[in-house]
Amino acid sequence: MTEIQTIESLATLDELLETSHRKPVWVFKHSLTCGISSFAWTEFRRFAEQASDEGTVYAVIEVQNARTVSTALAERIGVRHQTPQAILLRDAQAAWHASHYEIRVQALKKA
């Protein structure tokens, strides 16, 4: 089973951005109180579980518990904050991103 790490600190966010220079990093921004986010979170987890590339990193930011981290990610990569939101990082930049009902297993696979 693929591990999805929780990002709770700016230090961990910095590590993930650095890691994205060597391998793909997926970040999911999750609102714990939103039904749409719950749907997208299920899709993201299914995508991670089906992934065949073992070098890829998967992470989640629970926005209510790490708003500073969520805001910092948006500022550092230049992608407006939304929840839910899935972001593929390569070289510390957003190579792809989607929000709300655009977050589907098939869309994530195509990215």
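Note that the structure is predicted; figures quoted are calculated from it, not measured. (Residues numbered from 1 in each chain as written. Predicted model: local features only at pLDDT ≥ 70, side-chain atom pairs only at ≥ 80, totals over all residues. Heavy atoms only, no water.)

### Quick notes on the pattern of salt bridges
Thinking step 1. Throughout the structure, instances matching the rule amount to two salt bridges.
Thinking step 2. Note that D14 is salt-bridged to R76, the shortest N-O span being 2.2 Å. Here the residue D14 occupies a position in helix α1 (residues 10-19), and R76 occupies one in helix α3 (residues 67-77), the gap between them amounting to 62 residues.
Thinking step 3. For E43, the salt bridge goes to R46, with nearest N and O atoms at 2.7 Å. In this pair, E43 and R46 are both assigned in helix α2 (residues 35-50), three residues apart and thus about one turn of the helix distant.
Thinking step 4. Taking the relative accessible area as the measure of exposure, E43 reaches 9% and is therefore buried. (Salt bridge = Lys/Arg side-chain N within 4 Å of Asp/Glu carboxyl O. Helix = DSSP H or I, 4+ residues; strand = E, 2+ residues; numbered from the N terminus. Buried < 20%, exposed > 50% of the residue type's maximum accessible area, 1.4 Å probe, protein only.)

### A few points about the nonpolar core
Thinking step 1. The biggest cluster of nonpolar side chains holds 18 residues, and the ones touching the most others in it are I7, L73 and L89.
Thinking step 2. Only α1, β2 (25-30), β3 (57-62), α3 and β4 (85-90) provide two or more residues apiece to this core.
Thinking step 3. In contact with I7, not counting residues within four places along its chain, are T12, L13, L16, V27, A59, V60, I61, A66 and V69.
Thinking step 4. Judged by nonpolar contacts, the second largest core, of 15 residues, contains W26, F28, F44 and Y58. (Core = buried A, V, L, I, M, F, W, Y, C linked by side-chain atoms within 4.5 Å. Contact = heavy atoms within 4.5 Å.)

### A look at the packing of α1 against α3
Thinking step 1. It is the contact of α1 with α3, at a shortest axis distance of 10 Å, that shows an interaxial angle of 35°. Once α1 is placed against α3, the crossing between them reads as right-handed. Only T68, V69, A72, L73, R76 and I77 of α3 make contact with α1, whose side of the interface consists of L10, L13, D14 and L17.
Thinking step 2. For the contact of α1 with α3, the class distribution of residues is seven nonpolar, one polar and two charged. (Axes fitted to C-alpha atoms, helices over the stretch in contact; angles between N-to-C directions. Left-handed = near helix turned anticlockwise from the far one by under 90°. Nonpolar A, V, L, I, M, F, W, Y, C, P; charged D, E, K, R; others polar.)

### Structural notes on α1
Thinking step 1. Within α1 the residues assigned to the buried category are T12, L13, L16, L17 and T19. End-on, the buried residues of α1 take up no more than an arc of 160°, which puts them together on one face.
Thinking step 2. Along its buried surface, α1 packs onto β1 (4-6), β2, β3, α3 and β4. (Arc of directions from axis to C-beta.)

### Topic: the pairing of β2
Thinking step 1. Counting buried positions over the six residues of β2 gives six, a clear majority of the element.
Thinking step 2. Side chains V25, V27 and K29 project from β2 onto one buried face, and the interleaved W26, F28 and H30 project onto a second face that is buried too.
Thinking step 3. Note that β2 and β3 share six bridges and pair parallel. Across the sheet, the residue bridging to K29 is I61, located in β3.
Thinking step 4. Handedness of the crossover joining β2 and β3 through α2: right-handed.
Thinking step 5. Two strands pair when backbone bridges link them, and β2 and β4 are joined in this way by five bridges, in the antiparallel orientation. If you follow K29 over to β4, its bridge partner there is Q85. (Pairing = 2+ DSSP bridges. Right-handed = clockwise from strand over helix to strand, strands pointing away.)

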